Amino acid sequence: MKNFSDTDYIKSEYKKINNLFLQGKFNLVIEKTKKIIKKNPNQIPFYNLLALSYRETNKILNAEQTLNGALKINPNDQSLLVNLGATYRVLFEFEKSEKCFNKVLSINPKNIHALVNYANLKRETNKFNESIKLYEVAYKMDDKNPIILINLAGVYQILGKFEISKKLMEKLLLIDQNNAIAHKILSVVKNYKINDEHQKKMLSILEKNELKEYDKATLCFAISKSFEDQKNYKKSSEFFIKGNDIQKKIHKNYSINDEVKLFNKIKNIFEKTDFDKYPNFANNKKLIFIVGLPRSGTTLAHQILAAHSKIYGADEMVILDHFMQKNIRNINDKNIDFLFENYNGVNNQKLTNIINSYFDKIKYINTNKNIILDKNPLNFQWLGFIKILFPKCKIIHCTRNLKDTALSLFKNVFEVNSLVWSNNQDDIAKYISFYLDLMKFWEKKFPTFIYNLNYEKLIENQTDEIKKILNFCELNWEDNCLNFSKISNPIKTVSVTQARKPIYKTSLKTYEKYYEYLDIFKKIESLEKIT
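Here the structure is a predicted model, which is why all the values come from computation and not from measurement. (Residues numbered from 1 in each chain as written. Predicted model: local features only at pLDDT ≥ 70, side-chain atom pairs only at ≥ 80, totals over all residues. Heavy atoms only, no water.)

This part covers the overall build of the chain. The helix and strand inventory of the chain stands at 26 helices and 5 strands. Dimensions of the chain, computed from the C-alpha atoms along their principal axes, are close to 75 × 70 × 45 Å. Within the chain, the proportion of its 531 residues that are buried is 54%. Sequence separation of at least 24 residues holds for 70% of the intrachain contacts in the chain that already meet a minimum separation of 6. (Helix = DSSP H or I, 4+ residues; strand = E, 2+ residues; numbered from the N terminus. Buried < 20%, exposed > 50% of the residue type's maximum accessible area, 1.4 Å probe, protein only. Contact = heavy atoms within 4.5 Å.)

Backbone-to-backbone hydrogen bonds join strands into a sheet, with any given pair of strands oriented parallel or antiparallel. Here 5 strands make up an open sheet; going across it, the order is E2-E3-E1-E4-E5 and the pairing parallel. The open sheet has two free edges, formed respectively by strand E2 (311-313) and strand E5 (450-454), since each of these has just one partner strand. With direction set aside, neighbouring strand axes in the sheet form an average angle of 25°. Bridge analysis of strand E4 (residues 394-399) against E5 gives 5 bridges, and the strand direction is parallel. Of the residues in E5, the one forming a bridge with His397 is Asn452. (Pairing = 2+ DSSP bridges. Axes fitted to C-alpha atoms, helices over the stretch in contact; angles between N-to-C directions.)

Before going further, it helps to spend a moment on helix H22 (residues 425-445). For H22, built from 21 residues, the straight-helix expectation of 30 Å at 1.5 Å per residue is met to within 8% by its first-to-last C-alpha distance of 31 Å. N-capping of H22 is provided by Asn424, with a side-chain oxygen placed 3.0 Å from the backbone N of Asp426. (Expected span 1.5 Å × (residues − 1). Polar contact = N/O pair within 3.5 Å; in protein donor to acceptor, adjacent residues only side chain to side chain.)

Before going further, it helps to spend a moment on the state of the cysteines. For the structure on display, the rule yields 0 disulfides. Of the cysteine sulfurs around Cys398, a residue in no disulfide, the closest is that of Cys473, at 11 Å. A residue is classified by how much of its surface remains accessible, and Cys398, at 1% relative accessible area, is buried. Cys481 supplies the cysteine sulfur nearest to Cys473, a cysteine that is in no disulfide, at a spacing of 9.6 Å. Residue Cys473 is classed as buried on the basis of its relative accessible area of 7%. (Disulfide = S-S within 2.5 Å.)

The next thing to look at is the pairing of strand E3 (residues 371-374). Alternating positions in E3 separate into two faces, Ile371 and Leu373 on one and Ile372 and Asp374 on the other, with burial throughout. In this sheet, E3 lies alongside strand E1 (residues 286-292) in parallel orientation, the contact comprising 4 bridges. Among the inter-strand pairings, Leu287 is bridged to a residue of E3, identified as Ile372. Bridge analysis of E2 against E3 gives 3 bridges, and the strand direction is parallel. The partner of Gly313 across the bridge, within E3, is Leu373.

Let us look at the packing of helix H3 (residues 44-56) against helix H5 (residues 78-90). A pair of packed helices is characterised by two quantities: the angle between their axes and the separation of those axes. Where H3 meets H5, the axes come as close as 10 Å, and the angle between the chain directions of the two elements is 15°. Taken together, the axis directions place H3 and H5 in an arrangement best described as roughly parallel. Considering only the axes of H3 and H5, their crossing is left-handed. Where H3 abuts H5, its residues Ile44, Tyr47, Asn48, Leu52 and Arg55 lie against Ser79, Leu80, Asn83, Ala86, Thr87 and Val90. (Parallel < 35°, antiparallel > 145°, perpendicular 65-115°, else oblique. Left-handed = near helix turned anticlockwise from the far one by under 90°.)

Within E4, 5 of the 6 residues are buried, which leaves it mostly tucked inside the rest of the structure. The pairing of E1 with E4 spans 5 bridges and is parallel. By the bridge assignment, Ile290 is partnered in E4 with Ile396.

The next subject is the environment of Leu134. Among the secondary structure elements, Leu134 is positioned in helix H8 (residues 128-141). Judged by relative accessible area, Leu134 falls into the buried class, the value being 15%. As a C-alpha pair, Leu134 and Tyr118 span 16 residues in sequence and 7.3 Å in three-dimensional space. Those residues in contact with Leu134 that sit more than four places away from it in its chain are Leu115, Tyr118, Ala119 and Lys122.

Bringing unusual backbone geometry into the picture now. Non-glycine residue Lys231 carries a positive phi angle of around 65°. Judged by relative accessible area, Lys231 falls into the exposed class, the value being 61%. Here the phi dihedral of Arg295 falls at roughly 75°; this positive angle occurs in a residue that is not glycine. Mapped onto the fold, Arg295 is located in the loop between E1 and helix H16 (298-306).

Applying the stated criterion across every chain yields a total of 20 salt bridges. A salt bridge links Lys200 to Glu197, with the nearest nitrogen and oxygen atoms 3.5 Å apart. Highlighted residues: Lys200 and Glu197, both in helix H12 (residues 197-208), separated by 3 residues, approximately one helical turn. A residue is classified by how much of its surface remains accessible, and Lys200, at 39% relative accessible area, is partly exposed. Residue classification places Glu197 among the exposed residues on the basis of a relative accessible area of 57%. (Salt bridge = Lys/Arg side-chain N within 4 Å of Asp/Glu carboxyl O.)

One pass over the full model with this rule turns up 33 aromatic pairs. Ring geometry for Tyr278 versus Tyr343: centroids 5.1 Å apart, planes at 70°, classification edge-to-face. Of this pair, Tyr278 sits in the loop between helix H15 (257-270) and E1 while Tyr343 sits in the loop between helix H18 (337-341) and helix H19 (348-362); the two residues are 65 residues apart in sequence, bridging distant segments of the chain. A ring pair is formed by Phe380 and Tyr431, whose centres lie 6.4 Å apart and whose planes are at 85°; its orientation type is edge-to-face. In this pair, Phe380 is assigned in the loop between E3 and helix H20 (383-389) and Tyr431 in helix H22, connecting sequence segments 51 residues apart. The buried category is assigned to Tyr431, whose relative accessible area is 1%. The ring of Tyr192 has Lys190 lying over it, and the distance from NZ or CZ to the ring centre is 5.1 Å. (Phe/Tyr/Trp six-rings, centres within 6.5 Å; stacked < 30°, edge-to-face > 60°. Lys NZ or Arg CZ within 6 Å of the ring centre and 35° of its normal.)

With that settled, the discussion passes to the environment of Leu159. Residue position: Leu159 is located in the loop between helix H9 (146-158) and helix H10 (162-175). According to the relative accessible area criterion, Leu159 is buried, its value standing at 17%. The spatial distance from the C-alpha of Leu159 to the C-alpha of Asn129 is 9.5 Å, given a sequence separation of 30 residues.

On to the packing of helix H1 (residues 7-22) against helix H2 (residues 26-39), then. Running from N to C, H1 and H2 point in directions that differ by 155°, and their axes come no closer than 8 Å. Classified by the angle their axes make, H1 and H2 are roughly antiparallel. In this structure, H1 meets H2 at a crossing whose hand is left-handed. Contacts between H1 and H2 involve Glu13, Ile17, Leu20 and Phe21 from the first element and Phe26, Leu28, Val29, Lys32, Thr33 and Ile36 from the second. The residue inventory of the contact of H1 with H2, partitioned by class, reads 7 nonpolar, 1 polar and 2 charged. (Nonpolar A, V, L, I, M, F, W, Y, C, P; charged D, E, K, R; others polar.)

Structure, rendered in structure tokens:
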């Protein structure tokens, strides 16, 4: 029996468990840390490992409980407070998150972890200038820290300050030439010519095969983009196919059947719903939701509408999607279904509580504009819920040539663990078929609630199509909506460079350049014949 007061033993155990954490063996970390904490509750570092492992396994409330429990032992422990602040950020408890970071910085204004995490919070809540100030403070303390450099470059990229972002990543690559994220960020803002030195460097790093799998995938997408700039579409496709293959292996436990179950459950909930029976729940803020497949022109639609003087463009807000995923994904969980299947007046308060919770979460948006624009494309899944919760909102459904959409999904890399179905051509085709089926379902349920905005029509006839959008949203014409590219609204998505340009026709029928290299286009064509 080991003596748990033995400092050397505790250090040894911490090192072992931390290595397990770095290997991604989070369930094993949870098991081992709980045993140690049970025998010696005062070992604070193990609480942090336990909470971080809970977060990695999507048990966010367990993480919160663990950290709050540890803070009862030591209320001023800075590492606990930083992790709790980061956990509250994931839970969209932004005020609690800010309170944690402020407490740490009142104890130690030079706590670099608190500064970076506080900056992350400000970035996520669209307070970009405040975010930059915090990153800059951390940067002055450690100007070689890769996390600080990447985050600072990222926020400058969101704001369209590409040269600053580029210089930061070039600096990081002088420190660590193998940093795949730095190469990827740099590739976004570069326009590659033949014999580009940066392209050669990336190819050399990939050939050495010294990177972790995720970093290899990230680098493959960066290299693919460089070949696309050079109009070498064969090589471009080779590398984004390779990147997707690696991503698919990383997410080997994922099954597209999870999406089938979700979409079927949603349809079952609303099969017999009479939406007209639900009351109009009032709120002084108006909402516009832009939905559709990712890469279908949602960012362009957002930039056009966000240029209007009465609209605040909030970009992709994940609050509603997070709430729905949490409550609807569990096929056997009936706790929320009954609120939407059939109207019952006794449930009005519960529905009101959901609505108030949503607006409480978005109150961090500090704007005097009365219309909030949310362009999370995957909200197309939740249109039945949106119709009941926000009956006076406007829904703009973006559509685009499906082959162009499929290509854009497959050749771009997204945030970790998001859009996992986009890593496989068969899965993309299946997902698109589910999406088309669900949108038909919604159109039949409430045909006048949704405005269909076609990307190709918008490109070909900008003024008329923008007028139609504004008319649907009950807004007057403003020239800024046509000249949106002159207004530097933040962009958080993959379209960070394209959507800042004036509307351009080169994005039409892009799939033709890749047609001979991918199987997905024939799958989409078969799908189009059926639909």
